[in-house]
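Report on the structure
Here is what each chain is made of, one letter per residue.
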Amino acid sequence: MSRIVAGRFDRSIDADAALEALKREGFSPAEVDAFYVSPPGQNAMSALGGDAPHSSEGSRKAGKGAAIGAALGLAAGLIIGSLIGAHAVVLACGLGALVGAFAGAMATVRGGLRSHASVEHPVEGRGGRMIAVCVDRAGTEPVAVNILRSYNAREVGRAEGVWRNGSWRDFDPREPLATV
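Heads up: these notes are all about the structure in this document. (Residues numbered from 1 in each chain as written. Predicted model: local features only at pLDDT ≥ 70, side-chain atom pairs only at ≥ 80, totals over all residues. Heavy atoms only, no water.)

1. Considering helix α4 (residues 140-150)
For α4, the full list of buried residues reads T140, E141, A144, V145, I147 and L148. For α4, the arc enclosing every buried residue in end-on projection is 165 degrees, short of the 170-degree limit, so these residues lie on one face. Once α4 finishes, N152 follows within two positions and takes phi at roughly 70 degrees, a positive value. (Buried < 20%, exposed > 50% of the residue type's maximum accessible area, 1.4 Å probe, protein only. Helix = DSSP H or I, 4+ residues; strand = E, 2+ residues; numbered from the N terminus. Arc of directions from axis to C-beta.)

2. Some words on the nonpolar core
If you look at the biggest cluster of nonpolar residues, it comprises 17 residues, and the most contacted ones within it are F9, L22, I131, V133 and L148. Excluding residues that lie within four positions of it along the chain, I131 makes contacts with V5, A6, G7, F9, A15, A18, L19, L22, V32, D33, A34 and L148. If you look at the next biggest cluster of nonpolar residues, it comprises 9 residues, including I4, F35, V37 and M130. (Core = buried A, V, L, I, M, F, W, Y, C linked by side-chain atoms within 4.5 Å. Contact = heavy atoms within 4.5 Å.)

3. Regarding the pairing of strand β4 (residues 154-161)
Judged from the 6 bridges that link them, strand β1 (residues 2-9) and β4 form a sheet pairing that is antiparallel. Its bridge partner being in β4, I4 is matched across the sheet by A159. Across 2 bridges, β4 lies against strand β7 (residues 178-179) in antiparallel orientation. By the bridge assignment, G157 is partnered in β7 with T179. (Pairing = 2+ DSSP bridges.)

4. Examining the packing of aromatic side chains
Within the structure shown, the criterion is met by 2 aromatic pairs. Ring centres of W168 and F171 lie 5.0 Å apart, and the angle between their planes is 65 degrees; on these two criteria the pair is classed as edge-to-face. Note on W168: relative accessible area 10%, which makes it buried. An aromatic cluster of at least three residues, connected via ring pairs, comprises F35, W168 and F171. Its end group placed over the ring of F27, R137 keeps NZ or CZ at 5.6 Å from the ring centre. (Phe/Tyr/Trp six-rings, centres within 6.5 Å; stacked < 30°, edge-to-face > 60°. Lys NZ or Arg CZ within 6 Å of the ring centre and 35° of its normal.)

5. Structural notes on unusual backbone geometry
Phi at N152 takes a positive value of approximately 70 degrees, unusual for a residue other than glycine. Along the chain, the position of N152 falls in the loop between α4 and β4. For E155, which is not glycine, the phi torsion reads 55 degrees and is therefore positive. Looking at the secondary structure, you find E155 in strand β4. For E155, a relative accessible area of 37% corresponds to the partly exposed category.

6. Comments concerning the sheet that holds strand β3 (residues 128-134)
The strand order across the open sheet built from 5 strands is β2-β3-β1-β4-β7, with neighbouring strands paired in antiparallel fashion. In the strand order of this sheet, the two ends are held by β2 (32-37) and β7, each with one partner. Pairing between β2 and β3: 6 bridges, direction antiparallel. Bridge assignment links D33 to a residue of β3, and that residue is A132. Packed onto the sheet, helix α1 (residues 12-24) meets β1, β2 and β3 and runs at close to 15 degrees relative to β3. α4 rests against β1, β3 and β4 of the sheet, and its axis sits at about 5 degrees to β1. (Axes fitted to C-alpha atoms, helices over the stretch in contact; angles between N-to-C directions.)

7. Comments concerning the pattern of salt bridges
With the rule as written, the count across this model stands at 9 salt bridges. A salt bridge links R3 to E141, with the shortest nitrogen-to-oxygen separation between them at 3.7 Å. Here E141 lies in helix α4 and R3 lies in strand β1, a separation of 138 residues in the sequence. D16 is the salt-bridge partner of R129, the closest N and O atoms lying 2.8 Å from each other. With R129 in strand β3 and D16 in helix α1, this pair connects stretches of sequence that are 113 residues apart. You can call D16 partly exposed: its relative accessible area is 39%. Salt bridges here are not isolated pairs; linked through shared partners, they connect R8, D10, R154 and E155. (Salt bridge = Lys/Arg side-chain N within 4 Å of Asp/Glu carboxyl O.)

Listed below in structure tokens is the structure:
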């Protein structure tokens, strides 16, 4: 396993400048990898698409909320439909359950907490251009961190991974970087 320092960039011009600065500081092309990270949910990490097989950390309770909302909406639809007339009961129940399920799911969805994140229920950062630097050589980690930060990288962090032929082979966008 190699030690890796990485940062995400909002602007390509900043990432290009950071790559040039890394080259000037003596990092070889085999030690630097630049690639694009898609926005959350668009990395196709699961068989059905998306990034998580079940849900993200912030939507973990959405199914339960939708079920409760659907039951309440169904009950409301039953009451309203029976007041209107027998022919409207089925339509009112269906519409009430649909609206209730949506409202229940939306009421339970929230921003995910990084402290509760896992690979099954991730909290992903925004997409953008990523620069990863292999810092196995002694003394290179602080240099790489300073360069990434000075060129406006966000979420600068460290990780351990498989580095081979100039690229980070086991990068997973769902795994948060350790704070530097």
